[in-house]
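Summary of structural features
Here are the chains, one letter per residue:
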Amino acid sequence: MLKLLFFGVLAYLAFRLIQKVRLSGGREQGNAKPGSVDEMVQDPNCLKYIPKGNAIKKNVGGETHFFCSQACAEAFRNKKM
Ligand SMILES: [Zn+2]
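Residues numbered from 1 in each chain as written. Predicted model: local features only at pLDDT ≥ 70, side-chain atom pairs only at ≥ 80, totals over all residues. Heavy atoms only, no water.

All right, on to the side chain of Asp-43 then. Take Asp-43: it is sitting in the loop between β1 (40-42) and β2 (49-51). One buried charge, Asp-43, has no salt-bridge partner; the nearest side chain with opposite charge is Lys-48, at 6.5 Å. Of note is the side chain of Asp-43, whose polar atom sits 3.3 Å from the backbone nitrogen of Cys-46. The residues touching Asp-43, leaving out its near neighbours within four places in the chain, are Lys-48, Ile-50, Phe-66, Phe-67, Cys-68, Ser-69 and Cys-72. (Helix = DSSP H or I, 4+ residues; strand = E, 2+ residues; numbered from the N terminus. Buried < 20%, exposed > 50% of the residue type's maximum accessible area, 1.4 Å probe, protein only. Lys, Arg positive; Asp, Glu negative; His and termini not counted. Salt bridge = Lys/Arg side-chain N within 4 Å of Asp/Glu carboxyl O. Polar contact = N/O pair within 3.5 Å; in protein donor to acceptor, adjacent residues only side chain to side chain. Contact = heavy atoms within 4.5 Å.)

Encoded structure:
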């Protein structure tokens, strides 16, 4: 139980760190290292990058997309239709 909480805090801190790095070091290219912590996916609606684990997975028009929020998923689906 405590382990789970610790992992949650760690994931949150990692997410905050990624956000910070993205804001400050815009020019740095993110090389996908093998065994990286979490894969980043792009929200096709707002073009924001989110960790795959936190993204909302939706099937739109036969393709799988990842969204930062339910609202984005719906907005994207409306755009497609
Ligand atoms: Zn979004």
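Additional details are given in the paragraphs that follow.
Glancing now at the environment of Glu-74. Take Glu-74: it is sitting in helix α2 (residues 70-80). Between the C-alpha atoms of Glu-74 and Lys-58, which are 16 residues apart in sequence, the distance is 9.4 Å.

Coordination of the zinc ion by the protein comes from Asp-43 (OD), Cys-46 (SG), Cys-68 (SG) and Cys-72 (SG), over a distance range of 2.0 to 2.3 Å. The site at the zinc ion holds four donor atoms, and with the angles between them running 95 to 119°, its shape is tetrahedral. Read N to C, the donor residues that coordinate the zinc ion are spaced as D-x2-C-x21-C-x3-C. Accessibility expressed as a relative area gives 35% for Cys-46, which makes it partly exposed. (Donors = N, O, S within 2.8 Å, 3.2 Å for Na, K, Ca; no water. Tetrahedral: all angles 85-135°; square planar, octahedral: opposite > 155°, others 65-115°.)

Keep in mind that these numbers describe shape and distance, not what the molecule does.
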